[in-house]
Amino acid sequence: MPQIFPLRDLNLPGTSWMIWEIRENEAFFEDIPNSWKSTLPPNHALDIKKLESLAARFCLWQLVQSQVGQELILDKTSNNRPYFQNSDWQISISHSFPYVAAAICYQQNIGLDLEKKARNIQKVAPRFLSASEMEWSKMDEIKLLAAWTSKEAIYKAQHQAGLDFRKSIQLDCLFPIQKACVQFDQETNDFELWHEEFPEFWISLAKRI
């Protein structure tokens, strides 16, 4: 049996997610709508990337069957962000082999980011944290991981290209991080965040409020 962190509701109304550790080959994850397969990476993509993308869509399909109860049309934007056509259900996926995750939310934008603990985030911290966030983090590995995945998740939920992670996305500097805001083009959007730590990775989900 595959190892699965089961489908469940979060402490965010209308939001559910699923996380999977890939131990299977590509054929195992083929049980998704055929139309969804057009959103997968092109044939020349690395096999591992195709497997990650397929497994993430497999998780998304499980969520749709459980939470929505009808087939939805999966499409992707010009920058490859997946979305459902003509639907109030918002989605986000993330993967870092061998782990993948998918989340769905009714009506409100969400973003999901999964990052393995092996990554050396201390090295790049000054590129995505403000001065106050750097001081808060004390360069602690888990705080940095939480901050990085939070900002990545918020970026996905914001749907706005060109955000400056250091200046535009502001965290509440609590641990765990609970709130954040995006200030862009004289507009402010607020987000709430949810996290979970696993032995090998950290995952954050952002929901626009």
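Scroll up for the structure.
Residues numbered from 1 in each chain as written. Predicted model: local features only at pLDDT ≥ 70, side-chain atom pairs only at ≥ 80, totals over all residues. Heavy atoms only, no water.

1. Looking at the layout of surface pockets
Thought 1: Quantified by volume, the largest pocket comes out at close to 700 Å³.
Thought 2: By residue number, the principal contributor to the lining of the largest pocket is strand β5 (residues 89-96), which donates five residues.
Thought 3: The residue inventory of the lining of the largest pocket, partitioned by class, reads nine nonpolar, ten polar and seven charged. (1 Å grid on protein atoms, 1.4 Å probe; cavity = no way out; pocket = protein on both sides within 12 Å on 5 of 7 lines; lining within 4 Å. Points joined across faces, edges and corners; volume = space filled by probe spheres on them. Helix = DSSP H or I, 4+ residues; strand = E, 2+ residues; numbered from the N terminus. Nonpolar A, V, L, I, M, F, W, Y, C, P; charged D, E, K, R; others polar.)

2. With respect to the nonpolar core
Thought 1: Counting 27 residues, the largest nonpolar core has W20, F29, W36, L60 and F84 as the members making the most contacts within it.
Thought 2: A total of eleven residues in this core trace back to one element, the largest contributor, which is helix α1 (residues 47-68).
Thought 3: When residues no more than four places from it in sequence are discounted, the contact partners of L60 are W36, L74, F84, I91, A102, A103 and I104.
Thought 4: With 25 residues, the next largest nonpolar core counts L144, A153, L163 and F165 among its residues. (Core = buried A, V, L, I, M, F, W, Y, C linked by side-chain atoms within 4.5 Å. Buried < 20%, exposed > 50% of the residue type's maximum accessible area, 1.4 Å probe, protein only. Contact = heavy atoms within 4.5 Å.)

3. Comments concerning the pairing of strand β9 (residues 179-184)
Thought 1: Bridge analysis of strand β8 (residues 169-171) against β9 gives three bridges, and the strand direction is antiparallel. Note on β9: the bridge partner recorded for L171 is A180.
Thought 2: As judged from the six bridges shared by β9 and strand β10 (residues 187-197), these two strands associate in the antiparallel manner. Looking at β10, one finds that F184 is bridged to E187.
Thought 3: Counting the residues in the hairpin turn of β9 and β10 gives two residues, including D185, whose phi is positive at 55 degrees. (Pairing = 2+ DSSP bridges.)

4. Some remarks on the side chain of S150
Thought 1: Mapped onto the secondary structure, S150 falls in helix α4 (residues 141-158).
Thought 2: Contacts of S150, omitting those with residues within four sequence positions, involve L171, I177, L193, H195 and S204.

5. So, the sheet that holds strand β7 (residues 110-116)
Thought 1: Spatially, five strands are ordered β7-β11-β10-β9-β8 in an open sheet, and the strand pairing comes out antiparallel. In the strand order of this sheet, the two ends are held by β7 and β8, each with one partner. Adjacent strand axes in the sheet meet at a mean angle of 25 degrees, parallel and antiparallel pairs treated alike.
Thought 2: With seven bridges joining them, β7 and strand β11 (residues 201-208) adopt antiparallel strand pairing. Paired with K116 across the strands is F201, a residue of β11.
Thought 3: Relative to the sheet, α4 contacts β7, β8, β9, β10 and β11, its axis offset from that of β7 by approximately 145 degrees. (Axes fitted to C-alpha atoms, helices over the stretch in contact; angles between N-to-C directions.)

6. What to know about the side chain of K151
Thought 1: Along the chain, K151 falls in helix α4.
Thought 2: A distance of 2.9 Å separates the side chain of K151 from the backbone oxygen of I169, its partner in a polar contact.
Thought 3: Each residue touching K151, except ones within four places of it in the same chain, is listed here: F128, L129, S130, E133, F165, R166, I169 and L171. (Polar contact = N/O pair within 3.5 Å; in protein donor to acceptor, adjacent residues only side chain to side chain.)

7. Some details on the pattern of salt bridges
Thought 1: Overall, the coordinates contain eight salt bridges when judged by the stated rule.
Thought 2: The salt bridge partner of E52 is K49, with a shortest N-O separation of 3.7 Å. Of the two residues, E52 and K49 are both situated in helix α1; the distance of three residues between them amounts to about one turn of the helix.
Thought 3: A relative accessible area of 3% means that E52 is categorised as buried.
Thought 4: Across the salt bridge formed by E133 and K151, the nearest N and O atoms sit 2.7 Å from each other. One end of the pair, E133, is in helix α3 (residues 131-137); the other, K151, is in helix α4, with 18 residues separating them in the sequence. Side by side, E133 and K151 carry an identical accessibility label, which is buried. (Salt bridge = Lys/Arg side-chain N within 4 Å of Asp/Glu carboxyl O.)

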